Amino acid sequence: MIELEGVPELIDPVMVAAFEGWNDAGDAASTAVAHLDREWKGEVFAALDAEDYYDFQVNRPTVWLDNGVRKITWPTTRLSVVRVGGEKPRDLVLVRGIEPSMRWRSFCNEILGFAHELGVEMVVILGALLGDTPHTRPVPVSGVTSDPDLARTMDLEETRYEGPTGIVGILQEACTHAGVPAVSLWAAVPHYVSQPPNPKATLALLNRLEDLIGLRIPLGELPEDARAWQLGVDQLASEDSEVAEYVQTLEEARDTAELPEASGEAIAREFERYLRRREPGQGPGQAPGLATDSGDASYLRDTSSGRTRPPKPEQPGPEAAPGPAEQEPPREGDGSDGEAEE
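Residues numbered from 1 in each chain as written. Predicted model: local features only at pLDDT ≥ 70, side-chain atom pairs only at ≥ 80, totals over all residues. Heavy atoms only, no water.

Trainee: Help me understand the side chain of E210, please; the structure alone is not making it clear to me.
Mentor: Considering the arrangement of structural elements, one finds E210 in helix α6 (residues 199-213). Here I217 takes part through its backbone nitrogen, which lies 2.8 Å from a polar atom of the side chain of E210. (Helix = DSSP H or I, 4+ residues; strand = E, 2+ residues; numbered from the N terminus. Polar contact = N/O pair within 3.5 Å; in protein donor to acceptor, adjacent residues only side chain to side chain.)

Structure representation (C-alpha cells):
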C-alpha cells in the first residue's frame, strides 16, 4: 500500500511524465515537464529509490554544499502534484526523472502504483526524437497510443512501430496492460542541431499537451526563447553553404509533404488556441489557474521516514510496442539523422 501523506483527494488527475536520456532529444520533453512544475509551483511528494533502478557509473550522483555541509543528490525519478485552478480546477501528477538503467518492469509498476492510488484518469508521456525536419518550420508533434478506442476518440495515431524501444514505449505498454489510458506525444528535433536546449520543441510539446488535456498552460518566456533559438540557428546555417543548402532541401520536402495538411481544421485549431490566450482578464502567458499558496495546495510529503512499496499491477509482456517513427533509431550519442523512438 502506498502512503501519500499530505496529498488531498485529486480532481480529474492526469499524469504527465518525461525522462531524460534516449527518448529526450534536445532535452525537449524533460524541459516541458520541468516547465509545468516550475510554473505551477509543484511540490515533490515521492521519489523512487535510486538504488533500485540506476547504475551510478552511468548516471552519477552530485555533491553540493548547503551552508558548508556537503550533501548528495542521487539520480532518480520524482513525482509532484499541481492543482490548476479556475472555474474547473484539475490536478496534474508530474513525473520527471532519468531513464532507468535496470528493472524497467518494476520501475513501471511503481509508477502505475502511484497512478492507481491517486486515481489518475490518463497518462501522457512526452518524448522527443531526432528527425529530418528543418528548424525553420513548425515542430512536428505526433500523438500515439496502443489503445484503438483512444486513438479513435482523441484523434491519435495507433502505434505500428516495431524495433528497439525506450522507457517511454515500455511505460505506455505497461499502462495498456494495466487498463490505464495512455498517450505518447513526440516532438521531432532537427538532427543537425540536436544539442540541448531546444525551446522550440519544448513549446510545441506544451501546445499539443494543452490541446490534449484541455488546460491553458502558462508559457512564460518560452515563445521568446524559441524565437531566439531559431534566429541563432539561422545565423549558424547562413555561415555554412552546405548546411544552408541542406536546410533548403528539407524545407522543400516538408512543404511538399504537408501541403495537403494545411486544412481548415488545422487553421481552426490554431485560431482556437489564439483565442484561449486572449480571454478577458488573462494577461499574456498567464494561466487561468495557477497553484495557490493556500493550505489545501500543499502536497509535500515527508519521505525521510521511508515509504511502503506500491502494489504491482499486471506485468507487461517482454515485448514493447514502440514509437511513432518507422526508421531505425540512432544509437546513444549518435548525431546521425536517424530517429529515436519510444
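Trainee: I'm lost on the pattern of salt bridges in this one. Help?
Mentor: When the charged atoms of two side chains lie near each other, side chains of opposite charge can form a pair. Summed over all chains, the structure comprises seven salt bridges. Here R137 ties to E251 by a salt bridge, and the two come within 3.8 Å at their closest N and O atoms. Taken together, the residues span a long stretch of sequence, with R137 in the loop between β7 (122-131) and β8 (141-145) and E251 in helix α8 (residues 241-258) at a distance of 114 residues. Where salt bridges share partners, they join R137, E251 and D255 into one cluster. (Salt bridge = Lys/Arg side-chain N within 4 Å of Asp/Glu carboxyl O.)

Trainee: Looking at this structure, how should I read the packing of helix α3 (residues 104-118) against helix α5 (residues 167-178)?
Mentor: A pair of packed helices can be characterised by two numbers: the angle between their axes and the separation between those axes. One way to put it is that α3 packs onto α5 with a least axis distance of 10 Å and a crossing angle of 55°. It follows that α3 is oblique to α5 by the angle criterion. Judged by the sense of rotation from one axis to the other, the crossing of α3 with α5 is right-handed. Counting all contacts with α3, which are made through W104, F107, C108, I111 and L112, the residues of α5 involved are I167, I170, L171, A174, C175 and A178. Classifying every residue of the contact of α3 with α5 gives eleven nonpolar, no polar and no charged. (Axes fitted to C-alpha atoms, helices over the stretch in contact; angles between N-to-C directions. Parallel < 35°, antiparallel > 145°, perpendicular 65-115°, else oblique. Left-handed = near helix turned anticlockwise from the far one by under 90°. Contact = heavy atoms within 4.5 Å. Nonpolar A, V, L, I, M, F, W, Y, C, P; charged D, E, K, R; others polar.)

Trainee: In this structure, what is going on with the packing of aromatic side chains? I would like to understand it.
Mentor: Two aromatic rings are characterised by how far apart their centres lie and by the angle between their planes. One pass over the structure, following the stated rule, counts five aromatic pairs. Residues F19 and F107 carry aromatic rings whose centres are separated by 5.7 Å and whose planes lie at 65° to one another, so their mutual orientation is edge-to-face. Pair noted here: F19 is in strand β1 (residues 14-20) and F107 is in helix α3, with a separation of 88 residues, a long-range link. Both residues of the pair, F19 and F107, count as buried. Ring centres of Y53 and F107 lie 5.3 Å apart, and the angle between their planes is 85°; on these two criteria the pair is classed as edge-to-face. With a gap of 54 residues between them, Y53 in helix α2 (residues 50-53) and F107 in helix α3 connect regions that are remote in the sequence. When sorted by exposure, Y53 lands in the same class as F107, which is buried. (Phe/Tyr/Trp six-rings, centres within 6.5 Å; stacked < 30°, edge-to-face > 60°. Buried < 20%, exposed > 50% of the residue type's maximum accessible area, 1.4 Å probe, protein only.)

Trainee: Looking at this structure, how should I read empty space enclosed by the protein?
Mentor: Empty space left among the atoms is revealed by rolling a probe the size of a water molecule over them. Evaluation of the coordinates by the stated rule reveals one cavity of 30 Å³ or more. Counted as a void, the largest cavity has a volume near 50 Å³. Forming the walls of the largest cavity are T133, P134, H135, R137, V139, P140, A188, P190, N198, K200, A201 and W229. Those elements that provide at least two residues to the lining of the largest cavity are β10 (182-190) and α6. (1 Å grid on protein atoms, 1.4 Å probe; cavity = no way out; pocket = protein on both sides within 12 Å on 5 of 7 lines; lining within 4 Å. Points joined across faces, edges and corners; volume = space filled by probe spheres on them.)

Trainee: Which parts of the structure should I look at to understand the packing of helix α1 (residues 28-39) against α6?
Mentor: Relative orientation of the contacting elements α1 and α6 amounts to 60°, with a least axis distance of 8 Å. Considering the angle they form, α1 stands oblique to α6. Crossing of α1 against α6: the hand is right-handed. Across the interface between the two elements, A28, A29, T31, A32, H35 and L36 from α1 touch A201, T202, L205, L206 and L209 from α6. Here the contact of α1 with α6 is composed, by residue class, of eight nonpolar, three polar and no charged.

Trainee: Just checking my understanding: could you explain the pairing of strand β5 (residues 78-84) for this structure?
Mentor: Two faces, one strand: in a regular strand the side chains alternate between the faces of the sheet. For β5, the buried fraction is high: six of the seven residues fall into the buried class. The sheet contact formed by strand β2 (residues 43-47) and β5 spans four bridges and is antiparallel. Bridge pairing in β5 links A46 to L79. As paired elements, β5 and strand β6 (residues 90-98) share seven bridges and run antiparallel to each other. Bridging from a neighbouring strand, R83 pairs with D91 of β6. Linkage of β5 to β6, two consecutive antiparallel strands, is achieved through a turn of five residues, within which G86 is found at a positive phi near 105°. (Pairing = 2+ DSSP bridges.)

Trainee: Even after reading the chapter, I still don't get a negative patch on the surface, so can you show me in this structure?
Mentor: Taken together, the side chains of E239, D240, E242 and E245 present a region of like negative charge at the surface. Within the fold, E245 resides in helix α8. The class of E245 is exposed, set by a relative accessible area of 54%. (Patch = residues over 30% accessible without salt bridge, like charges linked within 9 Å, V, L, I, M, F, W, Y side chains within 5 Å. Areas by Shrake-Rupley, 256 points an atom, 1.4 Å probe, with all protein chains shown as cover. Lys, Arg positive; Asp, Glu negative; His and termini not counted. Charge placed at Lys NZ, Arg CZ, Asp CG, Glu CD.)

Trainee: What is the right way to look at the sheet that holds β7 in this model?
Mentor: In a beta sheet, neighbouring strands pair by backbone hydrogen bonds and run either parallel or antiparallel. Read from one edge of the open sheet, eight strands run β2-β5-β6-β1-β7-β10-β8-β9, paired in mixed fashion. This sheet does not close on itself; its edge strands, each paired only once, are β2 and β9 (157-158).

Trainee: Got a minute to help me understand the confidence of the model for the chain in this structure?
Mentor: It should be kept in mind that the predicted coordinates are not to be read in detail where pLDDT is low. Residues with a pLDDT of 70 or more make up 73% of the chain, whose mean pLDDT is 80. Ignoring residues within four places in sequence, the model shows residues 280-340, a span with pLDDT below 50, making 150 contacts including any to other chains. (pLDDT = per-residue confidence, 0-100.)

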